[in-house]
Amino acid sequence: MFSEKTYSERRRQLKQLVKSGVIIFPGNKEVSFNYPANEYKFRQESSFLYYFGIDKSGLNAVIDIDEGREIIFGDDFSLDDMVWMGDLPKLADQAKLVGIKEVQSENALAEFVLSAVNSKRKVHYLPQYRHDSINLLESLLGINHTAINKYASNNLIKAVVAQRSIKSDEEVAEIENAIEISYVMNTYAMMATKPGIYEREISGVVEGIALSMGEGISFPIIYSVHGETLHNHYHGNLMQDGDIAVLDSGAESLLHYASDITRTIPVNGKFSEKQKAIYNSVLNASNTALSEIKPGVLFKDVHLKAVRTLAEGLKDLGIMKGDIDEAVKEGAHALFMPHGLGHMMGLDVHDMEGLGENFVGYNTEIKRSEQFGLAYLRLGRKLEPGFVLTVEPGCYFIPKLIEKWKSESKHIDFINYKELENYLDFGGVRIEDDVYVDFNGCRVLGKPIPKTVEDVENACEGILK
Ligand code: GLY
Ligand code: MN
Ligand code: MN
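Residues numbered from 1 in each chain as written. Chains lettered and ligands numbered in written order. Predicted model: local features only at pLDDT ≥ 70, side-chain atom pairs only at ≥ 80, totals over all residues. Heavy atoms only, no water.

A. Quick peek at the packing of aromatic side chains. Overall, the coordinates contain 15 aromatic pairs when judged by the stated rule. Seen in terms of ring centroids, Phe372 and Trp405 are 5.9 Å apart; in terms of plane orientation they differ by 65°. Their pairing is edge-to-face. Highlighted residues: Phe372 in the loop between α13 (357–361) and β9 (388–391) and Trp405 in helix α14 (residues 399–407), separated in sequence by 33 residues. One aromatic cluster is present, built from ring pairs that chain together Phe25, Phe48, Tyr50, Tyr51 and Phe52. Stacked on the ring of Tyr198, the Lys or Arg Arg200 has its end atom at 5.5 Å from the ring centre. Over the ring of Tyr183 we find Lys447; its NZ or CZ atom is 4.1 Å from the centre of that ring. (Phe/Tyr/Trp six-rings, centres within 6.5 Å; stacked < 30°, edge-to-face > 60°. Helix = DSSP H or I, 4+ residues; strand = E, 2+ residues; numbered from the N terminus. Lys NZ or Arg CZ within 6 Å of the ring centre and 35° of its normal.)

Structure below.
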């Protein structure tokens, strides 16, 4: 964990922002998969980790702003627990490491919250995504589980988003540790991918690398020769000569900070001319984005400039046509890139998404668009120094979507449906990096992972710079 000062200072700032009341932070519990004692790998709740640092299940925490108390509720291991799971430091000793002096038993939380509710004090909590936590809040507050998220505290959400959005140097270092793992995951995949093997032979090892070097993957791996399916978790295709495989994967550092990197790999080690042309259009879009990112700029505008570059590239190839500014304004390019350019990243790979995407990526200055494509942009607001976000343009040929748009003659002035017939079995290309916004612009985080056509082809041959 970080130093005691980091966690104490985060809580001090939170109290200043929220001003009054009692804040409850439910920690995560173990979750079973096929019978009660067979549990998934434990993952602590990210905001709990951010303010309380303890990576153990079965804890809840409270910050009582009015009375100046910070309490962790949880129980020490019994002798039986120790027989099966080993000895653990006392909770009070772990709490001291994060600057918390008061520890009470798990059961004492109910009485504490009841007394706060009875004295009509404001009780704040964040939106919840695990049923155990929803049930806990239902039992503590007497709010029906279906309404728990409706009564989450907007004041608290905004305060947590404000803090967690700005990454400190030690957080950036953790993210770079995660990207170091991504370097190995991606270069392994480049070297090992070849015709005649199943996708799972690569994705399984890539996942193992994440576990062997850190805390495992930050989201289920996407590795597919059907990269046109944006979140394709199926790994059962036999890879063929001439295919390209999209690998979108991320690792967690030992302190659970994420990476999120995508590379597109020619299965036989060499891109065809056609694949190269699409790949370079996506790479140019990425470079446009990286040159535009700086504080004060709306990420929505960066997205629009990047997709404009992509659309220019597609026009050069005869796939798009007409006035490209108009095409982007009308959303015609979204046939090829239906998703947003990127999202915040930190303790969650889609950072703080559970608190509400619009709280994280939008504000009173900018509302989410309803246009197809742009509506999926998770981050639209003005960039600030300290943000860490992804830049992940892509180009996809999605047969069902193309068929539908063609049948409706949609954007017929901007899309050359005849030429598109040559791309129906192309698949997709995505290139994703993780970026830190500094005072002047941005920097791509971590050890550079092969990205140009030449560097990826070299890596496929085992040649790394
Ligand atoms: N891992 C999905 C994404 O890139 O956002
Ligand atoms: Mn990704
Ligand atoms: Mn991403």
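After presenting the structure, the write-up continues.
B. Representation of helix α5 (residues 108–118). Buried within α5 are the following residues: Ala108, Leu109, Phe112, Val113 and Ala116. Considered in projection along α5, the buried side chains sweep an arc of 130° and stay on one side of the axis. For α5, exposure combined with an orientation more than 90 degrees from the buried face picks out Glu111 and Asn118. The inward-facing, buried residues of α5 contact β1 (22–26), β2 (60–64), β3 (69–73), β4 (102–104), β5 (123–124) and α6 (131–141). In the segment just after α5, Lys120 is the residue with positive phi, at about 60°. (Buried < 20%, exposed > 50% of the residue type's maximum accessible area, 1.4 Å probe, protein only. Arc of directions from axis to C-beta. Contact = heavy atoms within 4.5 Å.)

C. Main features of the pairing of strand β12 (residues 433–437). Burial analysis of β12 places five of its five residues in the buried class, which makes it a mostly covered element. Taking every second residue as pointing to the same face, both faces of β12 are buried, with Asp433, Val435 and Val437 on one and Asp434 and Tyr436 on the other. Pairing analysis gives four bridges linking β9 to β12, with the strands arranged antiparallel. For Val391, the partnering residue across the bridge sits in β12 and is Asp433. Once β12 ends, the chain turns through four residues before running back antiparallel as strand β13 (residues 442–444). (Pairing = 2+ DSSP bridges.)

D. Looking closely at the coordination of the manganese ion (ligand 3). At 2.1 to 2.2 Å from the manganese ion (ligand 3) lie its protein donor atoms, namely Asp260 (OD), His343 (NE2), Glu392 (OE) and Glu432 (OE). Each of the six donor atoms around the manganese ion (ligand 3) contributes to a set of angles spanning 52 to 159°, which defines the coordination as irregular. Going along the chain, you hit the donors of the manganese ion (ligand 3) in the pattern D-x82-H-x48-E-x39-E. A separation of 3.2 Å is found between the manganese ion (ligand 3) and the manganese ion (ligand 2), which share Asp260 as a coordinating residue. (Donors = N, O, S within 2.8 Å, 3.2 Å for Na, K, Ca; no water. Tetrahedral: all angles 85-135°; square planar, octahedral: opposite > 155°, others 65-115°.)

E. Representation of the sheet that holds β13 within the structure. With respect to topology, three strands assemble into an open sheet ordered β9-β12-β13, the strand pairing being antiparallel. The open sheet has two edge strands with one neighbour each: β9 and β13. Between one strand axis and the next, the sheet turns through 35° on average, direction left out of account. Two elements, β12 and β13, share three bridges in a ladder whose sense is antiparallel. (Axes fitted to C-alpha atoms, helices over the stretch in contact; angles between N-to-C directions.)

F. Molecular detail of the nonpolar core. Leu14, Phe25, Phe336, Leu389, Phe397 and Leu420 are the most contacted members of the largest nonpolar core, which totals 145 residues. Element by element, the count of residues in this core is highest for helix α8 (residues 169–192), at nine residues. (Core = buried A, V, L, I, M, F, W, Y, C linked by side-chain atoms within 4.5 Å.)

G. Here's a closer look at the packing of α5 against α6. Where α5 contacts α6, the axes come no closer than 9 Å and their chain directions differ by 50°. As judged from the angle between their axes, α5 and α6 are oblique. Listed contacts from α6 to Leu109, Ala110, Val113 and Val117 of α5 are Leu136, Leu140 and Leu141. The residue inventory of the contact of α5 with α6, partitioned by class, reads seven nonpolar, no polar and no charged. (Parallel < 35°, antiparallel > 145°, perpendicular 65-115°, else oblique. Nonpolar A, V, L, I, M, F, W, Y, C, P; charged D, E, K, R; others polar.)

H. The packing of helix α10 (residues 273–292) against helix α16 (residues 453–460), seen in detail. As a packed pair, α10 and α16 sit with axes 11 Å apart at the nearest point and diverge in direction by 120°. Taken together, the axis directions place α10 and α16 in an arrangement best described as oblique. Between α10 and α16, the residues in contact are Lys276, Tyr279 and Asn280 and Val453, Val456 and Glu457, respectively. Split by residue class, the contact of α10 with α16 holds three nonpolar, one polar and two charged.

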